[in-house]
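A structural walkthrough
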Amino acid sequence: MSLLEVKGLKKYYPLPPEHLFGKKRFVKALDGVSFTLERGETLGLVGESGCGKSTLGRALVRLEEPTAGEVILNGEDMLSLKGTALRKKRGAFQMIFQDPYGSLNPRMTIFSTLEEPLLLHTDLNAAERAEQVAKLMQMVGLDPKLSDRYPHQFSGGQRQRIGIARALAVNPDFIVADEPVSALDVSVQAAIVNLLGDLQKDRNFGMIFIAHDLAVVEHIADRIMVMYLGKTVEVAPAEELCRNPKHPYSKALLSAVPGLHPDGKERIVLQGDVPSPLNPPSGCRFHPRCPACMPVCKEKEPEMKAVPGCPSCSCACHLI
Ligand code: SF4
């Protein structure tokens, strides 16, 4: 049994009709996404802005209420949990945010910030909580003597370390790291990515790592999932996807990353912008921008299917 099994997850945002008797309209930010995540595995999520990767991350930790689908964690249906049952379970799935400053309460000391999840999700007494806060600070490379300070007294990299400590305080089964290094100086990005990787080896949690920087994702992820306009278009082991992408969109994304050009080929420049998820193109959603578009692509939506010769790869494209 996989740690996490996501089936047909959808998130539609309703919009008012265009006129009084008009049809209901929806922005389909996530439109039937399915995948699995194993314990100790990192799944990298990539795609242009607006592809649904952040919505997916937020839906998995219930910061957004999905419209449909299933999220099964350790065999238990997470989406059926409500109220107290959901609050009790929240320790099992945590999120690390892009902006480490915005995600920390500026009026709370670091001690209170790290103690809060322990108060909510454990029965530890005050002395045990203090000991645990000190351990958490050490775990992320911070001096526990600094726990009486406030977030503004730390650098961006240190604040992200505090965000990681808070997310791991109650030993979650999986975490969603949403662009955790993109707001940080390049000089500290590698240290934070390596810290996350080391902590994962120690604690064996599953991780969804969302980033627009494919070079960072390739470094940390075991598998990579490429999303386009609310759908998954390709999933493959990280090395395979970076070396030999199958989907024309993955090829274009990779061709834009210096040092990751598949087969040393030229950069593929996609025409036009990502279409609106309010009115996605017919057939394959990528067809208006696809350099390999065929007549069938405009009419028939390609399904995710196994790639011949690569059993752990799947792709949604009529060329496969
Ligand atoms: Fe391109 Fe057609 Fe494949 Fe879509 S299905 S990615 S349009 S070739």
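Residues numbered from 1 in each chain as written. Predicted model: local features only at pLDDT ≥ 70, side-chain atom pairs only at ≥ 80, totals over all residues. Heavy atoms only, no water.

**Some points on the overall build of the chain**
Within the chain, the regular secondary structure consists of 10 helices and 12 strands. Relative to the compact-globule value of 20 Å for 320 residues, the chain shows a C-alpha radius of gyration of 21 Å, a close match. Taken over the C-alpha atoms alone, the chain extends approximately 70 × 55 × 40 Å along its principal axes. For the chain, with 320 residues in total, the buried portion stands at 49%. (Helix = DSSP H or I, 4+ residues; strand = E, 2+ residues; numbered from the N terminus. Rg over C-alpha atoms; globule rule 2.2 N^0.38 Å. Buried < 20%, exposed > 50% of the residue type's maximum accessible area, 1.4 Å probe, protein only.)

**Focus on the sheet that holds strand S5 (residues 76-77)**
Strand-to-strand pairing in sheets goes through backbone hydrogen bonds, with the strands running parallel or antiparallel. Taken together, the 4 strands give an open sheet; going across it, the order is S2-S1-S4-S5, and neighbouring strands pair in antiparallel fashion. Two strands in the sheet have a free side with no partner beyond their single neighbour: strand S2 (25-37) and S5. Of the strand pairs in this sheet, strand S1 (residues 4-15) and strand S4 (residues 68-73) are connected by 5 bridges, and their pairing is antiparallel. The residue of S4 that forms the bridge with Leu-4 is Leu-73. (Pairing = 2+ DSSP bridges.)

**Describing the state of the cysteines**
Applying the stated criterion to the full structure yields 1 disulfide. Here Cys-310 pairs with Cys-313 through a disulfide, and the sulfurs are 2.0 Å apart. Classification of Cys-310 by relative accessible area gives buried; the value is 10%. You can call Cys-313 buried: its relative accessible area is 1%. You can see Cys-293 has no disulfide; the closest cysteine sulfur is in Cys-297, sitting 4.6 Å from it. Cysteine Cys-315 is unpaired, with the sulfur of Cys-317 as its nearest cysteine sulfur at 5.4 Å. (Disulfide = S-S within 2.5 Å.)

**Considerations on the site of the ligand**
Taken together, His-247, Pro-248, Cys-284, Phe-286, His-287, Cys-290, Ala-292, Cys-297, Pro-302, Cys-317, His-318 and Leu-319 make up the full set of residues near the ligand. Residues that form the shell around the ligand fall into these classes: 9 nonpolar, 3 polar and no charged. (Near = heavy atom within 4 Å. Nonpolar A, V, L, I, M, F, W, Y, C, P; charged D, E, K, R; others polar.)

**So, the environment of Ser-282**
Locating Ser-282 in the fold gives a position in the loop between helix H9 (248-255) and helix H10 (295-299). The class of Ser-282 is partly exposed, set by a relative accessible area of 45%. Spatially, the C-alpha atoms of Ser-282 and Ala-169 are 45 Å apart, while their sequence positions differ by 113 residues. Excluding anything up to four places from it in sequence, Ser-282 contacts His-287, Cys-297 and Lys-298. (Contact = heavy atoms within 4.5 Å.)

**Re the packing of aromatic side chains**
Counted under the stated rule, the structure contains 5 aromatic pairs. Between Tyr-228 and Phe-286 the ring centres are 5.0 Å apart and the planes differ by 80°, which places this aromatic pair in the edge-to-face class. Here Tyr-228 is found in strand S9 (residues 223-228), whereas its partner Phe-286 is found in the loop between H9 and H10, with 58 residues between them in sequence. Comparing Tyr-228 with Phe-286, the two get one shared label, buried. For the pair Tyr-249 and Phe-286, a centre-to-centre distance of 5.2 Å together with 65° between the ring planes defines the contact as edge-to-face. With Tyr-249 in helix H9 and Phe-286 in the loop between H9 and H10, this pair connects stretches of sequence that are 37 residues apart. With a relative accessible area of 0%, Tyr-249 lands in the buried category. Following the ring pairs from residue to residue traces out a cluster consisting of Tyr-228, Tyr-249 and Phe-286. (Phe/Tyr/Trp six-rings, centres within 6.5 Å; stacked < 30°, edge-to-face > 60°.)

**What about H9?**
Here H9 lies mainly inside the structure; 7 of its 8 residues are buried. All of the buried residues along H9 are Pro-248, Tyr-249, Ser-250, Ala-252, Leu-253, Leu-254 and Ser-255.

**What to know about the nonpolar core**
Ile-164, Phe-209 and Ile-224 are the most contacted members of the largest nonpolar core, which totals 63 residues. Leu-30, Cys-51, Met-78 and Phe-174 belong to the second largest nonpolar core, which has 31 residues in total. (Core = buried A, V, L, I, M, F, W, Y, C linked by side-chain atoms within 4.5 Å.)

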